[in-house]
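Below, each chain spelled out in residue letters.
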Amino acid sequence: MIRFEQVSKVYADGTTAVDDLSFEVSEGELVTLVGPSGCGKTTTMMMVNRLIEPTSGRILVDGSDIAAVDPVELRRRIGYVIQQVGLFPHRTVLDNTATVPSLVGWKRAKARARAAELLDLVGLDPKTYGSRYPAQLSGGQRQRVGVARALAADPPVLLMDEPFGAVDPVVRERLQNEFLNLQSAVCKTVLLVTHDIEEAVRMGDRIAVYGQGRIEQFDTPGAVLGTPATPYVARFVGADRGLKRLSVTRIERDDLEEPPVARVDEPTASAAARLRREGARWAVVLGTGGELHGWVSADTLSNAGGTGTVGDLARRMEAWVPVGAPLKQAFSEMLQHDAGWVAVIDHDRFLGVLTPAKLHEALRRSVDADAQGVARDAVDFDSVSDA
Ligand code: ADP
Ligand code: MG
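Model, not experiment: these values are computed from the prediction.

### Some details on the overall build of the protein
For step 1, the next point in the chain: In terms of regular secondary structure, the protein is built from 17 helices and 16 strands.
For step 2, the next point in the chain: By principal-axis analysis of the C-alpha atoms, the protein measures approximately 85 × 50 × 35 Å.
For step 3, the next point in the chain: Of all 387 residues assigned to the protein, the portion counted as buried reaches 46%.
For step 4, the next point in the chain: Summed over all atoms, the accessible surface of the protein reaches about 18,600 Å², with 49% contributed by carbon and sulfur.

Listed below in structure tokens is the structure:
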């Protein structure tokens, strides 16, 4: 969808901002450009909508060389969220959001209706906020308007330059999640610039790590964190990159252990006997349809004196996560509930449990899988717990 071919940009004063850059962004992909200040991220981005012209090389958008496309026409197809949001202070939120549709000649009523729809989409009630001015909004709300405005003409491509830079960390994380949800619905091809490695790995399908005017590594967040291509990248992603991987590695079914289970309607005596035979100290309790009900310890069952059903004695499961959640969430649940394992569910169906050993194994496997370019379950792995 966006393709850079040996693109360089040397400014008039001789500064080489971008040096022989080649990369490609697929349709519907979100790529983050990350690197320290001054490494050429904004320059790269502004060449895509021709606010800056390359010195050499060419850029293709949707197959055509943009040097031959009228810049105004080009920008209709490319939404742009700039670093300082850049709303017009004397226009209402609704009019700000309708800027591009109005520019490209939509009827006023249609442009405003579209703007209202977009404000709704980014979580701002148009009735409440549409008539306000930018100064009457919080920083986070202004950022949302910036995103709504960029999406208003429904462009296939979105350029975002530090779009969540001007807000505090809590609001920032909320905006990031909102945008990811939005993106999973609208599937734009997105180039997102940030200097923050955490944001880059959280947001990007792939990330381009910039050194001075060059890309040092262009890969998935997991691969960049797991196998940094150069010492520079390793330094940039930080010594805690192992920890950061926890947030980009997702729980898969193959990671799970199958613990002993008991059913809610099972007599306590038979469940107690079975657990004793298996040498198990506890069991996950499932409902009659396989849904997660809770857990019960073998001692509790034995002490019940052979009366009642497992359901009477089951305790609530505090620590659980949905399959597909990041490993970090599972680890956090374990710590929060002081639990040695977490239940993993698919909607309300119980799939298995994740233990610290399995969590470690999943992390190890994913490093090897990224390095070998294969699926995680294809990696051979000997763990201490197998011994
Ligand atoms: P980033 O967005 O990664 O912080 P930029 O693309 O803005 O980096 O800048 C890359 C380099 O180009 C920097 O050294 C910056 O000072 C320089 N630069 C940016 N714009 C201009 C310009 N208009 N004239 C000269 N140098 C520029
Ligand atoms: Mg910049």
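### Some thoughts on the nonpolar core
For step 1, the next point in the chain: In this structure, Met 160 and Phe 179 are the most contacted members of the largest nonpolar core, which totals 30 residues.
For step 2, the next point in the chain: At the level of secondary structure, the elements contributing two or more residues to this core comprise helix H3 (93-97), helix H5 (108-121), helix H7 (139-151), strand S7 (157-161), helix H8 (169-186) and strand S8 (189-194).
For step 3, the next point in the chain: The dominant element in this core, judged by the number of residues it contributes, is H7, at five residues.
For step 4, the next point in the chain: Here Met 160 is in contact with Met 45, Val 81, Val 147, Phe 179, Val 190, Leu 191, Leu 192 and Val 193, once residues within four sequence places are set aside.
For step 5, the next point in the chain: In this structure, Val 48, Ile 59, Leu 191 and Ala 208 belong to the second largest nonpolar core, which totals 28 residues.

### Quick word on the domain arrangement of the protein
One frequently used descriptor of interface size is the decrease in accessible area upon assembly of the parts.
For step 1, the next point in the chain: What the domain assignment reports for the protein is domain 1 (2-245) and domain 2 (253-362).
For step 2, the next point in the chain: With centres defined by C-alpha atoms, the gap from domain 1 to domain 2 works out at 44 Å.

### Details of the packing of aromatic side chains
For step 1, the next point in the chain: Applying the stated criterion across every chain, the model contains five aromatic pairs.
For step 2, the next point in the chain: Ring geometry for Phe 23 against Phe 218: centres 5.7 Å apart, planes inclined by 75 degrees, an arrangement best described as edge-to-face. Pair noted here: Phe 23 is in strand S2 (residues 16-25) and Phe 218 is in strand S10 (residues 215-219), with a separation of 195 residues, a long-range link.
For step 3, the next point in the chain: You can call Phe 218 partly exposed: its relative accessible area is 23%.
For step 4, the next point in the chain: Both rings, one in Trp 282 and one in Trp 341, keep their centres 4.0 Å apart while their planes meet at 10 degrees; by these two values the pair is stacked.

### Let's talk about the sheet that holds strand S13 (residues 292-297)
By way of backbone hydrogen bonds, the strands of a sheet pair with one another, either parallel or antiparallel.
For step 1, the next point in the chain: Pairing within the open sheet is mixed, and its three strands lie in the order S11-S12-S13. Lying at the two open borders of the sheet, with one neighbouring strand each, are strand S11 (261-263) and S13. This sheet shows a mean twist of 35 degrees between the axes of neighbouring strands, independent of strand direction.
For step 2, the next point in the chain: Summarising the sheet, S11 and strand S12 (residues 282-286) pair through three bridges and their orientation is parallel. Counterpart to Ala 262 in the pairing with S12 is Val 285.

### What about the site of ligand 1?
For step 1, the next point in the chain: In the vicinity of ligand 1, the contacting residues are Tyr 11, Asp 13, Thr 15, Ala 17, Pro 36, Ser 37, Gly 38, Cys 39, Gly 40, Lys 41, Thr 42 and Thr 43.
For step 2, the next point in the chain: Between ligand 1 and Tyr 11 there is a distance of 3.5 Å, counted from a nitrogen atom to a side-chain nitrogen or oxygen.
For step 3, the next point in the chain: In the model, an oxygen atom of ligand 1 is placed 2.9 Å from a nitrogen or oxygen of the Lys 41 side chain.
For step 4, the next point in the chain: The element contributing the most residues to the shell around ligand 1 is helix H1 (residues 41-48), with three residues.
For step 5, the next point in the chain: Of the residues that constitute the shell around ligand 1, the class distribution is four nonpolar, six polar and two charged.

### Details of the pattern of salt bridges
For step 1, the next point in the chain: Inspection of every chain in the model, using the stated rule, returns 21 salt bridges.
For step 2, the next point in the chain: Of the charged contacts, one joins Arg 263 and Asp 265 as a salt bridge, the two residues approaching to 3.4 Å between their closest N and O atoms.
For step 3, the next point in the chain: With relative accessibility at 40%, the residue Arg 263 sits in the partly exposed group.
For step 4, the next point in the chain: For Asp 265, a relative accessible area of 41% gives the class partly exposed.
For step 5, the next point in the chain: Salt-bridge contacts for Arg 365 lead to Glu 361; the nearest nitrogen and oxygen are separated by 2.8 Å. Residue Arg 365 and its partner Glu 361 are located together in helix H17 (residues 356-372), separated by four residues, close to a single helical turn. An identical accessibility class is assigned to Arg 365 and Glu 361; each is buried.

### A few points about the pairing of S12
For step 1, the next point in the chain: In terms of burial, S12 is a largely internal element, four of the five residues being buried.
For step 2, the next point in the chain: Crossover connection from S11 via helix H13 (residues 268-278) to parallel S12: handedness right-handed.
For step 3, the next point in the chain: Where S12 and S13 come together, five bridges link them in antiparallel fashion. Residue pairing across strands places Leu 286 opposite Leu 292, the latter belonging to S13.
For step 4, the next point in the chain: Connecting S12 to the antiparallel partner S13 that follows it, the hairpin turn spans five residues, and Gly 290 within it adopts a positive phi of roughly 85 degrees.

### Digging into the side chain of Arg 50
For step 1, the next point in the chain: Here Arg 50 is to be found in the loop between H1 and strand S4 (56-61).
For step 2, the next point in the chain: Separated by 3.2 Å, the side chain of Arg 50 and the backbone oxygen of Ala 67 make a polar contact.
For step 3, the next point in the chain: Among residues more than four places away in sequence, those in contact with Arg 50 are Ile 66, Ala 67, Val 69, Pro 71, Leu 74 and Arg 75.

Cut-off values and rules
- Residues numbered from 1 in each chain as written.
- Chains lettered and ligands numbered in written order.
- Predicted model: local features only at pLDDT ≥ 70, side-chain atom pairs only at ≥ 80, totals over all residues.
- Heavy atoms only, no water.
- Helix = DSSP H or I, 4+ residues; strand = E, 2+ residues; numbered from the N terminus.
- Buried < 20%, exposed > 50% of the residue type's maximum accessible area, 1.4 Å probe, protein only.
- Areas by Shrake-Rupley, 256 points an atom, 1.4 Å probe, with all protein chains shown as cover.
- Core = buried A, V, L, I, M, F, W, Y, C linked by side-chain atoms within 4.5 Å.
- Contact = heavy atoms within 4.5 Å.
- Domains from an automatic or database assignment.
- Phe/Tyr/Trp six-rings, centres within 6.5 Å; stacked < 30°, edge-to-face > 60°.
- Pairing = 2+ DSSP bridges.
- Axes fitted to C-alpha atoms, helices over the stretch in contact; angles between N-to-C directions.
- Near = heavy atom within 4 Å.
- Polar contact = N/O pair within 3.5 Å; in protein donor to acceptor, adjacent residues only side chain to side chain.
- Nonpolar A, V, L, I, M, F, W, Y, C, P; charged D, E, K, R; others polar.
- Salt bridge = Lys/Arg side-chain N within 4 Å of Asp/Glu carboxyl O.
- Right-handed = clockwise from strand over helix to strand, strands pointing away.

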